[in-house]
Amino acid sequence: MPEPAPITRRSRVRELYAHPLGRDIVDSLAHQVGRSPRWVDNPLVGALRLGALPRLSGGRLDDAFVDALVGLLAAVPDRPNPGPMPLREAWFKEAVFYQVYPCSFQDSDGDGIGDLRGILSRLDYLKGLGVDALWLSPIYDSPMDDMGYDIRDYRKVLAEFGTLDDLDALIAGLHERGMRLVMDLVVNHSSDEHAWFREALADPDSPYRDYYFLREGEPDTPPNNWRSFFSGPAWRWFPEAGVWGLHLFSSKQMDLNWGSERMRADVVDMVRWWRERGVDGFRLDVINLISKTPGLPDGNETIGALTGFTGLEHYFHGPRLHEHLRQLRAEAFDDPDCVAIGETPAIGAQMGKLMVGDDRGELDMVFNFEHLENPGRTRFDAYRYDLRHLKRYYTRWQADYGDGYWMSLFFDNHDNPRMVSKVDPRSEHRVAVAKLLATVMFTLRGTPFLYQGQELGAVDQRFVALDELRDVESLNLAAELAATGTPPDEVFARVLAGTRDHTRVPMAWDASGGFTTGVPWLAGDGGHAEINVASQEGDAASVLEWHRALIALRRDSPALVYGETLVERSGSRVWRYRRRRGAEEYLVVLNLGDRPARTAPPPAGAELLLASGSGTGSLAPYEARLWRLG
Ligand code: ISL
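Residues numbered from 1 in each chain as written. Predicted model: local features only at pLDDT ≥ 70, side-chain atom pairs only at ≥ 80, totals over all residues. Heavy atoms only, no water.

Side-chain positions along a regular strand alternate between the two faces of the sheet. Side chains Phe97 and Gln99 of strand β1 (residues 97–100) all project onto a buried face; the interleaved residues Tyr98 and Val100 project onto the opposite face, where all are buried too. By the bridge criterion, four bridges tie β1 to strand β2 (residues 133–136) in an arrangement that is parallel. If you follow Val100 over to β2, its bridge partner there is Leu136. As judged from the three bridges shared by β1 and strand β15 (residues 447–451), these two strands associate in the parallel manner. Pairing of Tyr98 across the sheet is with Leu450, part of β15. (Buried < 20%, exposed > 50% of the residue type's maximum accessible area, 1.4 Å probe, protein only. Helix = DSSP H or I, 4+ residues; strand = E, 2+ residues; numbered from the N terminus. Pairing = 2+ DSSP bridges.)

Below, the structure written as structure tokens:
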């Protein structure tokens, strides 16, 4: 295949779209402004030259934007492998993962904070559900400015969570049950209380100076215009040292400089140390952000205005990203059984393929986020999620990801409100929506990741006031909105729509909570007192038993794991697809709306395995049905 010409100002929009990064950017911009990316297929649009965009956009895009775009694309010469790759079987493709949020899963000592002993005491519950691998959000020593995503010591356990011995006991407990442990690896940044950072700040000649982005300067002039994901500038002034420090997240999460060879070697050592303790894999926090454009130039203002994050183009897919990922894979987790899952905000399908392709030697899967919001919406908008977007998104991704790429499938995590609540907050639809989402997660091709409480159909917490919230992102956003004159009730409404605390409330084990004998660190129980493990266990109609049934079915059905996905034609409100491998075949039929929907019956001889409604005739609102065809 001839090498495609480099993208310049004279390139046409269709050439931009043929470039992997260009395609993701167009798709992502279309998503953000609520447009279909298909407008690029229009020959007139496709023939436009990039240099003409400022004029044609009526000033919404400027020359600097086009230059930024061209510069960005030049930095990514790689393309996903266009050739066929064989389907590789692996434990992590067959496994069901379950994310535990350590603070809120189970408290064993009554201090109101979940802990490792508590998790250990619940392993039989997870095993009984059919979980194969546990992903533990950070348990490392931390001042907890961002709930442990700000690590003070990578080789120590936070005292409130327990000790290294407790962690060893947890690993042993998992392995005895045939389960595995995936740790959260947070190496885009460390806490400002990490010894590396303290030394770097204290001594300009310290070898650790180079581990971070520290710049001498004046207190009023940050080194560039980058914005933090958690409001305000991405720079913090340290008066004691007369330097600015870069932090893409909170002001206590200092970005590590991956350009430093010594820093990378220290990370590799640390990861190997965890591997030797028996850890089976890692979820790599915001791992696509680790490579920054040398010199840290200003971000383009138009990109900043479109995305909300000025500077994004200089780090969301930086020039040395793939090189760093390959080094990490080769030196820290060279064992193919050690799974590496990248958390990659702002990354689309094509960039994802560059990280997870079997030929790449980088990651096994990534978490992408575009399916979590409808086009034109952000997490902080209060709206009803339209499931037709989910159908379009997954249909596209499943078709695009051939056998050489593997997807993660998830809806809930510790950074997002509950998907059930976003789709339909009315309690009469909760069970059906939760079952529909579970059906998608366990019957599409990809690895399912459950988040604690999702298996119960847990809903958003009904917080009533700002002072109930603990999340740094929410509190910073509230302060930023208040500072610009937004009335308090509007501030609260906006923060409430997207706060990450919705899913961080304690797990509901029984009607009285069951999480702690003390006062929980964050109030709430994930919804109503009736949504809990005890009330659902053994109840065949419950969301919990629906999950158990689906997981058991997937475990025994290679077609549901590895089979090809065939989407059938249907009205837009109905989603029908088959999964097939050899003679084994399944049909999934889903009603994506809150009104009954008609759909063709399954082929003769089909055996109905699961239905969240009556299973015959018209589909009930949000009904999910699953048949075995052969
Ligand atoms: O919530 C988001 C997307 O749904 C993002 O804004 C999120 O902050 C981003 O995905 C990064 O998340 C990860 O890194 C953060 C940490 O606060 C999150 O909890 C973590 O999952 C910084 O370490």
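In this section: helix α10 (residues 195–202). Along α10, the residues classified as buried are Trp196, Phe197, Ala200 and Leu201. All buried residues of α10 project into a common sector of 125 degrees when viewed along the axis, lining one side. (Arc of directions from axis to C-beta.)

As a further point, take the domain arrangement of the protein. The domain architecture assigned to the protein consists of domain 1 (13–74), domain 2 (195–254) and domain 3 (562–628). Inter-centroid distance (C-alpha atoms) of domain 1 to domain 2 is 34 Å. (Domains from an automatic or database assignment.)

Since the α-helix turns once every 3.6 residues, residues separated by three or four places project in the same direction. Over its 14 residues, helix α2 (residues 20–33) runs 20 Å from end to end, which matches the ideal 20 Å to within 8%, given 1.5 Å per residue. Burial of α2 is extensive: ten of the 14 residues sit out of reach of the surface. Along α2, the positions that sit buried rather than exposed are Pro20, Leu21, Gly22, Asp24, Ile25, Val26, Asp27, Ser28, Ala30 and His31. At its buried positions, α2 is contacted by α1 (13–18), α5 (63–74), α14 (349–356) and α15 (387–400). A positive backbone phi angle near 80 degrees is found at Gly34, which sits one or two residues after α2. (Expected span 1.5 Å × (residues − 1). Contact = heavy atoms within 4.5 Å.)

What follows concerns the sheet that holds strand β7 (residues 214–216). Spatially, three strands are ordered β7-β9-β8 in an open sheet, and the strand pairing comes out antiparallel. The sheet is open, and its two borders are formed by β7 and β8 (235–238), each paired with just one other strand. Each strand axis lies, on average, 30 degrees off the axis of its neighbour in the sheet, ignoring direction. Summarising the sheet, β7 and strand β9 (residues 243–246) pair through three bridges and their orientation is antiparallel. The residue bridging Leu214 from the neighbouring strand is Gly245, located in β9. Along the sheet, α10 contacts β7, β8 and β9; its crossing angle with β7, the most-contacted strand, is approximately 15 degrees. (Axes fitted to C-alpha atoms, helices over the stretch in contact; angles between N-to-C directions.)

Our next topic: the site of the ligand. Taken together, the neighbourhood of the ligand is formed by 17 residues, with Asp146, Asp285, Glu343, His414 and Asp415 sitting nearest. Taking His189, its side chain carries an N or O atom lying 2.9 Å from an oxygen atom of the ligand. The fraction of the free accessible surface of the ligand (490 Å²) that becomes covered by protein chains is 92%. Taken together, the residues of the shell around the ligand sort by class into five nonpolar, four polar and eight charged. (Near = heavy atom within 4 Å. Polar contact = N/O pair within 3.5 Å; in protein donor to acceptor, adjacent residues only side chain to side chain. Areas by Shrake-Rupley, 256 points an atom, 1.4 Å probe, with all protein chains shown as cover. Nonpolar A, V, L, I, M, F, W, Y, C, P; charged D, E, K, R; others polar.)

Secondary-structure assignment places Tyr577 in strand β17 (residues 574–581). Considering only alpha carbons, one finds Tyr577 and Arg554, 23 residues apart in sequence, at a separation of 16 Å. Side chain to side chain, Tyr577 and Thr443 meet in a polar contact 2.6 Å long.

Moving on: the packing of helix α18 (residues 472–483) against helix α19 (residues 488–498). It is the contact of α18 with α19, at a shortest axis distance of 10 Å, that shows an interaxial angle of 150 degrees. The angle between α18 and α19 falls in the class roughly antiparallel. Considering only the axes of α18 and α19, their crossing is right-handed. Two secondary-structure elements touch here, α18 through Ser474, Leu477, Ala478, Leu481 and Ala482 and α19 through Val491, Arg494 and Val495. Broken down by class, the residue content of the contact of α18 with α19 amounts to six nonpolar, one polar and one charged. (Parallel < 35°, antiparallel > 145°, perpendicular 65-115°, else oblique. Left-handed = near helix turned anticlockwise from the far one by under 90°.)

Take the sheet that holds β1 next. As a general point, the strands of a sheet are linked pairwise by backbone hydrogen bonds and lie either parallel or antiparallel. Across the sheet, eight strands lie side by side as β13-β12-β11-β5-β2-β1-β15-β14; this open sheet has parallel pairing. Both edges of this open sheet fall to β13 (365–367) and β14 (408–410), since each of them pairs with a single strand only. Each adjacent strand pair in this sheet contributes to an overall mean axis angle of 25 degrees, direction not counted.

Glancing now at the side chain of Asp27. Mapping Asp27 onto the fold places it in helix α2. Setting aside its immediate chain neighbours within four residues, Asp27 contacts Tyr17, Pro37 and Arg396.

The subject of this paragraph is the packing of aromatic side chains. A complete count under the given rule lists 32 aromatic pairs for this structure. Ring geometry for Trp91 versus Phe92: centroids 6.0 Å apart, planes at 85 degrees, classification edge-to-face. Since its relative accessible area comes to 1%, Phe92 is described here as buried. On the basis of an interplanar angle of 25 degrees and a centroid distance of 5.8 Å, the ring pair of Trp91 and Phe97 is categorised as stacked. Ring-pair connections join several aromatic residues into one group, and the members of that group are Trp91, Phe92, Phe97, Trp135, Phe367, Phe369, Phe410 and Phe449. (Phe/Tyr/Trp six-rings, centres within 6.5 Å; stacked < 30°, edge-to-face > 60°.)

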